[in-house]
Amino acid sequence: MAIDEDLNDRLREALGHRVGVSEKRMMGAMCFLLHGHMIAGADRTRDGERRFIFRIGKPNHATGLALPGAEPMVQGGRTLSGLFFVGEDDCSDELLQTWLDLAIANALALPPKGA
């Protein structure tokens, strides 16, 4: 996987100047964190597919499955509940904001990092 700066810029723009957002290279992508909790990222597969990654949490998994273009993340044959890939072509600005709203709500519901 490779970092996709165009998609990262879309995420930066959608997140605005939200307090507590940071960036970190993780999982082969540039990921965005809110108070230390991953909320989103972007990458490009070996085949050149440009996609977003969203961490919306287990409680929101069914909601994520119902959104257009949602592809649950699978690792080692196991579906990672609450983590989704969404292809760039399937992610309008409005849908991007929907995914981010879910991810932000999830991050805010988690205990603070280091606690």
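As the structure is a computational prediction, the values presented were derived from the model and not from experiment.

Cut-offs applied
Residues numbered from 1 in each chain as written. Predicted model: local features only at pLDDT ≥ 70, side-chain atom pairs only at ≥ 80, totals over all residues. Heavy atoms only, no water. Buried < 20%, exposed > 50% of the residue type's maximum accessible area, 1.4 Å probe, protein only. Helix = DSSP H or I, 4+ residues; strand = E, 2+ residues; numbered from the N terminus. Pairing = 2+ DSSP bridges. Core = buried A, V, L, I, M, F, W, Y, C linked by side-chain atoms within 4.5 Å. Contact = heavy atoms within 4.5 Å.

Peer 1: Explain the pairing of strand 6 (residues 78–87) residue by residue, including any values.
Peer 2: Burial analysis of strand 6 places 7 of its 10 residues in the buried class, the great majority of the element. With 5 bridges connecting them, strand 4 (residues 50–55) and strand 6 associate as antiparallel partners. Each residue of the ladder has a partner; that of Phe54, found in strand 6, is Phe84. The pairing of strand 5 (residues 70–75) with strand 6 spans 5 bridges and is antiparallel. Within strand 6, the residue paired with Glu71 across the bridge is Phe85. As consecutive antiparallel partners, strand 5 and strand 6 are separated by 2 residues, and within that stretch Gly76 has a phi angle of approximately 60°, a positive value.

Peer 1: With reference to specific residues and values, describe the nonpolar core.
Peer 2: Formed by 25 residues in total, the largest nonpolar core has its most connected members in Leu11, Ile39, Phe52, Phe54 and Trp99. Where this core is concerned, the elements lending two or more residues are helix 1 (5–15), strand 2 (29–34), strand 3 (37–44), strand 4, strand 6 and helix 3 (93–109). Here this core takes 8 residues from helix 3, the largest share from any one element. Excluding anything up to four places from it in sequence, Leu11 contacts Phe32, Ala40, Gly41, Ala42, Phe52, Phe54, Leu96 and Leu100.

Structural measurements only, silent on function.
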